[in-house]
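Overview (structure and organization)
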Amino acid sequence: MTEPTHDETHGALGERLNWLRAAVLGANDGIVSTAGLVVGVAGATDDRSALLTAGLAGLLAGSMSMAAGEYVSVSTQRDSEKAALALEKRELREQPEAELEELTGLLEGRGLSREVAREAAEQLTARDALRAHARVELGIDPDQLTNPWHAAWASFLAFTAGALLPLLAMVLPPAGWRLAVTVVSVLAALVLTGWSSARLGAADPGRAMLRNVAGGALAMGVTYAAGALLGAAGV
């Protein structure tokens with residue numbers, strides 16, 4: 001069995017980390033947006049049915065919006081990658097010598113001597129010219145083009161998982177405990193997502209957690225105040 005090269009292994013790991021970061025951020029969005037919504041409604045009413053309706057509506061609207069947005073975004077990226085590969089394929093067919101010289105220059109620019117760069121370019125071209133240009137010139141792996149459906153489902157599921165926490169925390173406990181349980185649960189979850197996103201990005205966890213908690217607390221505080229004012233006004 002052929003062993004993966006260092007570059008292939010590193011690329012696959014980087015792709016997995018990108019997906020994990022996207023999942024964590026999607027869950028974070030679900031937590032904050034749904035928490036803000038249900039806490040805002042809780043400021044106006046303690047009716048469980050109203051809270052459940054608002055939470056479910058926010059969950060479904062948010063998850064569908066995230067999925068649709070990710071599908072459109074990744075589809076555009078995939079179309080661009082395909083167009084770039086098609087153009088490169090045509091250039092290789094119509095002007096192979098110029099493309100070989102271009103690949104040589106790119107490799108030379110990465111620190112290889114002229115002689116070594118030329119030899120490497122010739123060997124890469126003989127093996128798979130399109131793949132060589134795709135990776136070196138375009139930064140694209142022809143075998144791993146972005147998949148819009150994978151991205152859409154990942155965003156949908158991540159947002160839904162995050163949104164379920166504040167929704168359940170608001171509707172399951174007794175009326176007198178709902179707000180406190182929701183706030184504590186949401187802030188704890190934001191600490192976790194902040195720590196996770198920081199660790200995946202090799203950043204400082206403390207700052208990420210602080211930003212997450214501060215943003216979530218602000219969102220819940222603002223929406224609760226707005227809901228309380230509307231409830232007091234009888235709206």
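As a starting point, this report considers the structure included with it.

Conventions used here
- Residues numbered from 1 in each chain as written.
- Predicted model: local features only at pLDDT ≥ 70, side-chain atom pairs only at ≥ 80, totals over all residues.
- Heavy atoms only, no water.
- Helix = DSSP H or I, 4+ residues; strand = E, 2+ residues; numbered from the N terminus.
- Rg over C-alpha atoms; globule rule 2.2 N^0.38 Å.
- Buried < 20%, exposed > 50% of the residue type's maximum accessible area, 1.4 Å probe, protein only.
- Contact = heavy atoms within 4.5 Å.
- Areas by Shrake-Rupley, 256 points an atom, 1.4 Å probe, with all protein chains shown as cover.
- Patch = residues over 30% accessible without salt bridge, like charges linked within 9 Å, V, L, I, M, F, W, Y side chains within 5 Å.
- Salt bridge = Lys/Arg side-chain N within 4 Å of Asp/Glu carboxyl O.
- Axes fitted to C-alpha atoms, helices over the stretch in contact; angles between N-to-C directions.
- Parallel < 35°, antiparallel > 145°, perpendicular 65-115°, else oblique.
- Left-handed = near helix turned anticlockwise from the far one by under 90°.
- Nonpolar A, V, L, I, M, F, W, Y, C, P; charged D, E, K, R; others polar.
- Expected span 1.5 Å × (residues − 1).
- Polar contact = N/O pair within 3.5 Å; in protein donor to acceptor, adjacent residues only side chain to side chain.

**A word on the overall build of the chain**
The secondary structure content of the chain amounts to seven helices and zero strands. N-terminal to C-terminal, the α/β element order of the chain is α-α-α-α-α-α-α. By the compact-globule yardstick of 18 Å for 235 residues, the chain is too spread out, its C-alpha radius of gyration being 25 Å. With the principal axes as the frame, the chain shows a C-alpha extent of 80 × 35 × 35 Å. Relative to its full complement of 235 residues, the chain shows a buried share of 30%. In the chain, the proportion of contacts linking residues at least 24 apart, taken out of those at least 6 apart, comes to 70%. Carbon and sulfur atoms make up 64% of the accessible area of the chain, which amounts to about 13,600 Å² in all.

**Here we look at a nonpolar patch on the surface**
Side chains of Y71, V72, W149, W153 and L157 sit close together on the surface and give an oily, nonpolar patch of about 570 Å² of accessible area. Top contributing element to the nonpolar patch by residue count: helix α5 (residues 148-171), with three residues. Within the element layout of this structure, L157 appears in helix α5.

**As for the packing of helix α2 (residues 48-94) against helix α4 (residues 114-138)**
Put simply, α2 and α4 touch, their axes get as near as 10 Å, and they point 125° apart. Between α2 and α4, the interaxial angle falls into the category oblique. Crossing of α2 over α4 shows right-handed handedness. When α2 is examined against α4, the residues A84, L85, E88, K89 and L92 are found in contact with a partner set consisting of A129, L130, H133, A134, E137 and L138. Looking at the contact of α2 with α4, its residues break down into seven nonpolar, one polar and three charged.

**Regarding the environment of A86**
Note that A86 resides in helix α2. Sequence-wise, A86 and L130 are 44 residues apart; in three dimensions their C-alpha atoms are separated by 9.5 Å.

**What to know about the pattern of salt bridges**
In this structure the tally under the stated criterion is six salt bridges. With a closest N to O distance of 3.1 Å, E101 and R118 form a salt bridge. With a gap of 17 residues between them, E101 in helix α3 (residues 96-109) and R118 in helix α4 connect regions that are remote in the sequence. Of the charged contacts in the structure, one is a salt bridge between E108 and R114, with a shortest N-O distance of 3.4 Å. Residue E108 is classed as partly exposed on the basis of its relative accessible area, which comes to 33%.

**A word on α5**
Taking 1.5 Å per residue as the helical rise, α5 with its 24 residues ought to reach 34 Å, and the 34 Å between its terminal C-alpha atoms agrees with that figure. For α5, the N-terminal cap is N147; the gap from its side-chain oxygen to the backbone nitrogen of W149 is 2.9 Å.

**Concerning the environment of L130**
With respect to the secondary-structure elements, L130 resides in helix α4. L130 sits 72 residues away from A202 along the chain, and the two C-alpha atoms are 34 Å apart.

**Looking at the packing of α2 against α3**
Two numbers describe a pair of packed helices, the interaxial angle and the distance between the axes. The N-to-C vectors of α2 and α3 enclose an angle of 115°; their axes lie 5 Å apart at closest approach. For the pair α2 and α3, the contacting residues are E88, E91, L92, R93 and E94 in the first and P96, E99 and E102 in the second. Classifying every residue of the contact of α2 with α3 gives two nonpolar, no polar and six charged.

Note that every value here comes from positions in space, so none of it alone points to a role or purpose.
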